[in-house]
Amino acid sequence: MIKKIGVLTSGGDAPGMNAAIRAVVRTAIYNGIEVAGVVRGYNGLINGDFIKMDARSVGETLQKGGTILQTARCREFRNIEGVRKGIENAKKEGIEGLVVIGGDGSFRGARDLTREGMSTVALPGTIDNDIACTEYTIGYDTCLNTVIDAVDKLRDTSSSHERCSVIEVMGRNAGYIAIEAGIACGAEVVLIPEMGYDLQKDVIDVIESGKKRGKQHYIVIVAEGIGGVVEMAEKIQELTGIESRATILGHIQRGGSPTVRDRVIASQMGSKAVELLIEGKSNRIVCMKNSEITDVDIEDGLNMKKSVSEELVKIAKQLAI
Ligand code: F6P
């Protein structure tokens, strides 16, 4: 029976990571297993930066955005010597298994840890929801709610001034945040990297036809993988005569108190990760399939592909008339 595990957060932070950490710590302690928090992601393994965690360590954290263990991107962990150094430090600390909470970049580190003999289970923690093996990643719902709150505010001022608001949202190279926020905000236009776009056909013509139907303000949501919102706003103003303003929402999308959906899913996933380690499983990603919490092999998970739902793309266009 495993006696001690470590838990770390890696890559871009996401609201709900603390709920996942809390679930890992308390599920482990409930099962008589000690927990070491690893500070600043994989850097903490390489630097031997561990903190003892007990049930009280994660008290009052469920509702907090960010990650109490801090996070970082770790270059040293991209080579096998770094991985081996991390494992050596973990073993010195008595750690027999690790839970890694992060995005697909962090999963490669989790895979390497397993290959080098440290049992590791990964949880999908990123606002982007761009991890192919899971329907849901921790932080996505909270991010969407932050975006729609901001866009609803921008719609207020755009309607007052009869303007077009061009808004960039995060998502790295994926359009999941953009397409769902676009539908939720009733955006006239949603541009995502998966679809590409033609300025005249997909933006200008849509705005012009909306104007003919009596629209007096416009919302254009642009995924950061497309970018260029300042120039796009200038072009829209030049070609349509409608005053246009650009807003880049940026890192506000990464903060905030996690929503119920993120708190519950993070708690389920954190608990599942510890159960897998107790069962002696390793090299697994905890994921959501058909709304159920399950797990897949990390190699298989990293080789999977997913794309933005064509049905959502169709709805976003149809409902914007
Ligand atoms: O992966 C999450 C994310 O917020 C992406 O949406 C974004 O492109 C990236 O992280 C920003 O990275 P950083 O916080 O290092 O600027």
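Since the structure is predicted, the reported quantities are computational estimates derived from the model, not experimental observations. (Residues numbered from 1 in each chain as written. Predicted model: local features only at pLDDT ≥ 70, side-chain atom pairs only at ≥ 80, totals over all residues. Heavy atoms only, no water.)

Asker: So, the side chain of Arg111: which residues are in play, and what are the values?
Answerer: Within the secondary structure layout, Arg111 lies in helix α4 (residues 104-115). Here Arg111 falls in the buried class, since its relative accessible area comes to 16%. Setting aside anything within four residues of it in sequence, one finds Arg111 in contact with Asn283, Ile298, Glu299 and Leu302. (Helix = DSSP H or I, 4+ residues; strand = E, 2+ residues; numbered from the N terminus. Buried < 20%, exposed > 50% of the residue type's maximum accessible area, 1.4 Å probe, protein only. Contact = heavy atoms within 4.5 Å.)

Asker: Can you lay out the sheet that holds strand β7 (residues 189-191) for me, pointing to particular residues and giving the numbers?
Answerer: One open sheet holds the four strands; their spatial order is β7-β8-β6-β9, and the pairing between them is parallel. With partners counted over all chains shown, the strands left at the sheet margins are β7 and β9 (244-248), one partner each. Averaged over neighbouring strand pairs, the angle between their axes works out to 15° when direction is ignored. Direction of pairing for strand β6 (residues 164-169) relative to β9: parallel, over a ladder of five bridges. If you follow Glu168 over to β9, its bridge partner there is Ile248. (Pairing = 2+ DSSP bridges. Axes fitted to C-alpha atoms, helices over the stretch in contact; angles between N-to-C directions.)

Asker: How would you explain the sheet that holds strand β3 (residues 50-53) if you had to name every residue and give the values?
Answerer: Here seven strands make up an open sheet; going across it, the order is β3-β2-β1-β4-β5-β10-β11 and the pairing mixed. This sheet does not close on itself; its edge strands, each paired only once, are β3 and β11 (292-297). Going from strand to strand, the sheet's axes swing by 30° on average, the running direction of each strand aside. Sheet analysis places strand β4 (residues 97-102) next to strand β5 (residues 119-124), joined by six bridges and oriented parallel. Among the inter-strand pairings, Gly102 is bridged to a residue of β5, identified as Pro124.

Asker: I'd like a rundown of the nonpolar core, residues and numbers included.
Answerer: Judged by nonpolar contacts, the single largest core of 59 residues is most densely connected at Ile5 and Ile177. Per-domain counts for this core show at least three residues from each of domain 1 (4-139 + 258-303) and domain 2 (140-255). Contacts of Ile5, omitting those with residues within four sequence positions, involve Val24, Ala28, Ile33, Glu34, Val35, Ala36, Ile95, Gly97, Val274 and Leu277. Counting 26 residues, the second largest nonpolar core, distinct from the first, contains Phe50, Phe77, Ala110 and Ala122. (Core = buried A, V, L, I, M, F, W, Y, C linked by side-chain atoms within 4.5 Å. Domains from an automatic or database assignment.)

Asker: Can you tell me about unusual backbone geometry, naming the residues and giving the values?
Answerer: Of note, the phi angle at Arg40 is positive, near 65°, even though the residue is not glycine. Here Arg40 is to be found in the loop between β2 (34-38) and α2 (42-47). Look at Asn290: it is not a glycine, yet its phi comes out positive at around 50°. Structurally, Asn290 can be placed in the loop between β10 (284-289) and β11.

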